[in-house]
Amino acid sequence: MRDVIVVGGGITGLTTALTLFHDNVDVELLEASDRLGGKVLTSHLRGIPVDEAADAFLVREPHMLELCEELNLAPDLVAPATGAAKIWSRGQLRALPKKQYLGVPLDLDDLEASAVLSPEGLTRAAQDLELPADPPLADESVGSLIRRRLGDEVMDRLVGPLLGGINAGDADRLSLQGGVPQLAAALGHDPSIMRSVRKHLELSGRDPNAPIFLGHPNGTGQIIEVLHDRLATRVRLDTPVERLERHNGSWRVHGPSASFDAKAVVITTPTFAAAPVLRDVAPTAAGLLDQIDYASVTFVTMAFAASEIERFPGSGFLIPRGEGLLMTACSWASSKWAHLGEGPTEYLRVSAGHADDERAMRMDDDELVAKLLDELRWVAGIDAEPREVRITRWPRSLPQYRPGHLERVAGIEAALEDEAPGVAVAGAAYRGLGLPACVYQARRAALWAEEHVGAITTPGE
């Protein structure tokens, strides 16, 4: 019998297991596939490690950086070489406003200079400074709030594309509290969203010159490799879990070919994988898990000869949903990361697909690449053929935080406490989907598990 079984070998499961292991808790991690990392994956393209999903993490949320420090990886981390980006708006690529926060403009002169909005859209955005107080309504959607305060163009050409790049969703159906807690926390200082966010940033004391993102020159997969090395024999690959069963006051974890006993179980898989495991022992929780939707995305990474295309002056560009293109974004990795821009190859990673668009998932590889190359010629003026292409499809990979999301998550947690004490869930589908949020949830899950199995003692015991 183990103290704790962790189900799922993504960043949440690995960090949960590592935390418990370091605290001398008897833990074992079960991963259904033949590799660890979940949606964190790095592979070589023309001999260079290039990420197939997340290539960086936010620094203002400290949890991922703290994990890297624990793994002795922090000294190797690098910041993007440029933070400048563009957006396709009104028929051409335009620079994103320099003074913006998650797409919310912070300076009208800067917004006008960017030419992202039409004159009418600029006039409408300025009304935010004069409109009477109109705070968010309960767990309002981001789109509802932005449209009534700043207008449709700010939503469709700035906030929507920027947030859509994070979760491949529709900001008109994105929970403000659950999906963008940073923006929710910045409100309330002033009736105007623009003034309120500016005040929030002033009070935060954040160094404007400090890096916003950090990544590893060997790719984020390097973090997974070190986690695996640290856990060593505590990991079982190719070990799917099918269901749970109460057994002698503890839990039996059943797979197709083996079973494991534990005092506590932490499930870190996507909700559509967690729900069937919990169906027999926690039907209410499983039903709530079934209500969380996911979006599918596809990344097509292209390697061009540097002599055949001109390097992009920035980290890449975004395509708003309303433009009708298959492509949603292009990360110009050779410009974004200095270590990728040193050789004879230009690396571009093109994103396609979002919550309402499954076209990229349905296309065959040749059709997908041809369509994206056509769009790159039109939008970015690229008139060359890639020397190598890597296609990464991530079906049902990004959970969608609809309004009421945090209430639903609280319901899942309460149902588990009632129906299956000793079982917990954690991961991107619950309280934040970025890498730092997953690490934070992993730490909380590990603390909960230690308390449950009695591994934490009070002073004097």
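**Re the pattern of salt bridges**
Part 1: Taken as a whole and assessed by the stated rule, the structure comprises 32 salt bridges.
Part 2: Residue aspartate 383 pairs with arginine 377 through a salt bridge whose shortest N-O separation is 3.9 Å.
Part 3: Beyond isolated ion pairs, a larger network of salt bridges with shared partners links Arg2, Asp26, Glu28, Arg234 and Arg236.

**Considering the pairing of strand β13 (residues 250-254)**
Part 1: For β13, the tally of buried residues reaches four of five residues, placing the bulk of the element in the interior.
Part 2: With five bridges connecting them, strand β12 (residues 243-247) and β13 associate as antiparallel partners. Its bridge partner being in β13, glutamate 245 is matched across the sheet by arginine 252.
Part 3: Joining the antiparallel neighbours β12 and β13 is a turn of two residues, in which asparagine 248 adopts a positive phi near 55°.
Part 4: Linkage of β13 to strand β14 (residues 259-267), two consecutive antiparallel strands, is achieved through a turn of four residues.

**A word on the sheet that holds strand β7 (residues 92-95)**
Part 1: Spatially, the seven strands line up as an open sheet ordered β7-β6-β16-β17-β18-β15-β19, and their pairing is mixed. The open sheet is flanked by β7 and β19 (388-399), the only strands paired with a single partner. Neighbouring strand axes in the sheet, compared pairwise and without regard to direction, differ in orientation by 25° on average.
Part 2: With eight bridges joining them, strand β15 (residues 294-305) and strand β18 (residues 345-352) adopt antiparallel strand pairing.

**Some points on the packing of helix α5 (residues 142-150) against helix α6 (residues 152-167)**
Part 1: For the pair α5 and α6, the least separation of the axes is 8 Å and the interaxial angle reads 145°. For the element pair α5 and α6, the recorded crossing hand is right-handed. Seen from α5, the contacting residues are Val142, Gly143, Ile146, Arg147 and Leu150; seen from α6, they are Asp152, Val154, Met155, Asp156, Val159 and Leu163.
Part 2: Looking at the contact of α5 with α6 residue by residue, the class counts come to seven nonpolar, one polar and three charged.

The rules behind these values
Every chain is numbered on its own, with residues counted from 1 as its sequence reads. In keeping with the model being predicted, local features are shown solely for residues with a pLDDT of at least 70 and side-chain atom pairs are shown and tallied solely at 80 or more, while totals for entire chains, interfaces and linings include all residues. In computing side-chain properties, one takes all heavy atoms of the structure into account and sets aside hydrogens as well as water. Salt bridges are counted wherever a side-chain nitrogen of Lys or Arg sits within 4 Å of a carboxyl oxygen of Asp or Glu. Buried means the residue's accessible area, taken with a 1.4 Å probe over protein chains only, is under 20% of the maximum for its type, while exposed means over 50%, and partly exposed covers the values in between. Only DSSP runs of H or I covering at least 4 residues are called helices, and only runs of E covering at least 2 are called strands; the numbering of each starts at the N terminus. Two strands are said to pair when DSSP picks up at least two bridges between them. Lines are fitted to the C-alpha atoms to define the axes, a helix being fitted only along its stretch in contact, and any angle between axes, read from their N-to-C directions, falls within 0 to 180 degrees. Crossings are classed by handedness, with left-handed meaning an anticlockwise turn of the near helix from the far one by less than a right angle and right-handed meaning a clockwise turn. In this description, contact between two residues means that some pair of their heavy atoms is separated by no more than 4.5 Å. Ten residues, namely Ala, Val, Leu, Ile, Met, Phe, Trp, Tyr, Cys and Pro, are considered nonpolar, four, namely Asp, Glu, Lys and Arg, are considered charged, and the remaining ones, Gly among them, are considered polar.

None of the figures reported here should be taken as evidence of function without further support.
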